[in-house]
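Results of the structural survey
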Amino acid sequence: MAKSEPENKTDTGQDVVLKEDSTPQSDQNKTEIGQGVVVKEEETKPQCEENQKTDENKVESESESKEPKSEDAGSKASEPQVIDEIAVTSYMIMSNDKIQREIVKLRNKLSHQSAFNKTPIILSDSKGKYLKLQRNLAIESGVRFWHKKGATTRDSFKYLERQIEEAVRHYKNIVFYVWLGTCDLTDFNRKNRYISLRSRDSSSVNDIINHFRRIYALVAATYETVGLVFLEIPVYSIVCWNKYQGHKFSEQFQNDDLKLEEQINTVNSFIRETNLILRKHSPKFSCDLQNSRKCRQMRNSRFTYKFNAFYLDGIHPTSLLSKLWLLRIVALIVVDCA
């Protein structure tokens, strides 16, 4: 590792907004981690931890077959009836109360923690920006963010490849938290701002996994003083995003939402396998969005997601959920960077 400081590098002592990268993707295959993940046609559901299971509320029990709609989704439909507005408001209040209780619990647990002995850096797409805005505890100020709007795993891998040596010289002991993959699974149309599923086969999933392997080979297998944790991808909604952007027939993307969830679960399975090798783990962010209701006939749980309650637009978390997710990550950092 060269001792001289490289020229024209980003100051690693501050949070970083990743810049555009036009460098072609490397074709070199590096160390593989875990076993290859085969994309299954059957939908797999993430398993929630006990403290993240969602309580059944009154609004849902009164309307089993219909998910309440929220104005957060940007719907331009006609004005709902007063009774529907009351139901939606009650639904969101109860959901927010549960999130708030989790926040208070974690905040009390973390408020007396000492400073980190290692530097945590969250490598992320725009999700990182929303979490960074919620830092207010003293311990949270020690968390660094390297984020870029719309960043794919390829974008962030190339950036990390350029910056890691400087970061190691500056901090020496680092733990990278890789929170990527959201922008790899859907395509964004800049003209109308709608998104669509990038692929219905396994190509998008395999591309994410291959770049995660490259990140592993670059970080964990190369630098002794650098740790690595992969964070799970939260489920998100093509339907809700397109509805928020004014699509008149956003419900036509429901099947794409199901396929997207399947792809996210496949990537998250790989993340869990890889974290086992690293002896780390990730919060199950999707569990904070779930309703779990027992289906008597099927004798298992079926899941719905409260996108309208906790997402601004079907993808990006509200300030309340951003705060909860930041605290969940900081709870990991306290252990990893002690």
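Attention in this report is confined to the structure presented alongside it. (Residues numbered from 1 in each chain as written. Predicted model: local features only at pLDDT ≥ 70, side-chain atom pairs only at ≥ 80, totals over all residues. Heavy atoms only, no water.)

A short note on the overall build of the chain
- Along the backbone of the chain there are 9 helices and 9 strands.
- Accessible surface, the chain: about 17500 Å² in total, of which carbon and sulfur atoms supply 47%. (Helix = DSSP H or I, 4+ residues; strand = E, 2+ residues; numbered from the N terminus. Areas by Shrake-Rupley, 256 points an atom, 1.4 Å probe, with all protein chains shown as cover.)

Overview of the nonpolar core
- Ranked by internal contacts, the top residues of the largest apolar core, which has 79 residues, are L160, F176, F212, I215, V219 and L228.
- For this core, the leading source of residues is helix α9 (residues 319–336), giving 11 residues.
- Residues in contact with I215, not counting those within four places in the same chain, are F157, L160, V178, L180, A220, L228 and F230. (Core = buried A, V, L, I, M, F, W, Y, C linked by side-chain atoms within 4.5 Å. Buried < 20%, exposed > 50% of the residue type's maximum accessible area, 1.4 Å probe, protein only. Contact = heavy atoms within 4.5 Å.)

Section: the environment of I264
- Take I264: it is sitting in helix α7 (residues 254–278).
- In this structure, the C-alpha to C-alpha distance between I264 and E232, residues 32 residues apart in sequence, is 8.6 Å.
- Those residues in contact with I264 that lie beyond four places of it in its chain are L185, I233, P234, V235 and Y236.

Points about the pattern of salt bridges
- Throughout the structure, instances matching the rule amount to 13 salt bridges.
- Between K148 and D155 there is a salt bridge, with the nearest N and O atoms lying 4.0 Å from each other.
- Under the relative-accessibility criterion, K148 is labelled buried at 6%.
- With relative accessibility at 14%, the residue D155 sits in the buried group.
- Between D288 and R328 there is a salt bridge whose closest N-O contact spans 2.9 Å. Of the two residues, D288 sits in the loop between α7 and β8 (290–295) while R328 sits in helix α9, which places them 40 residues apart along the sequence. Each member of the pair, D288 as well as R328, carries the same accessibility label: buried.
- One network of salt bridges, in which partners are shared, links E102, K105, D288 and R328. (Salt bridge = Lys/Arg side-chain N within 4 Å of Asp/Glu carboxyl O.)

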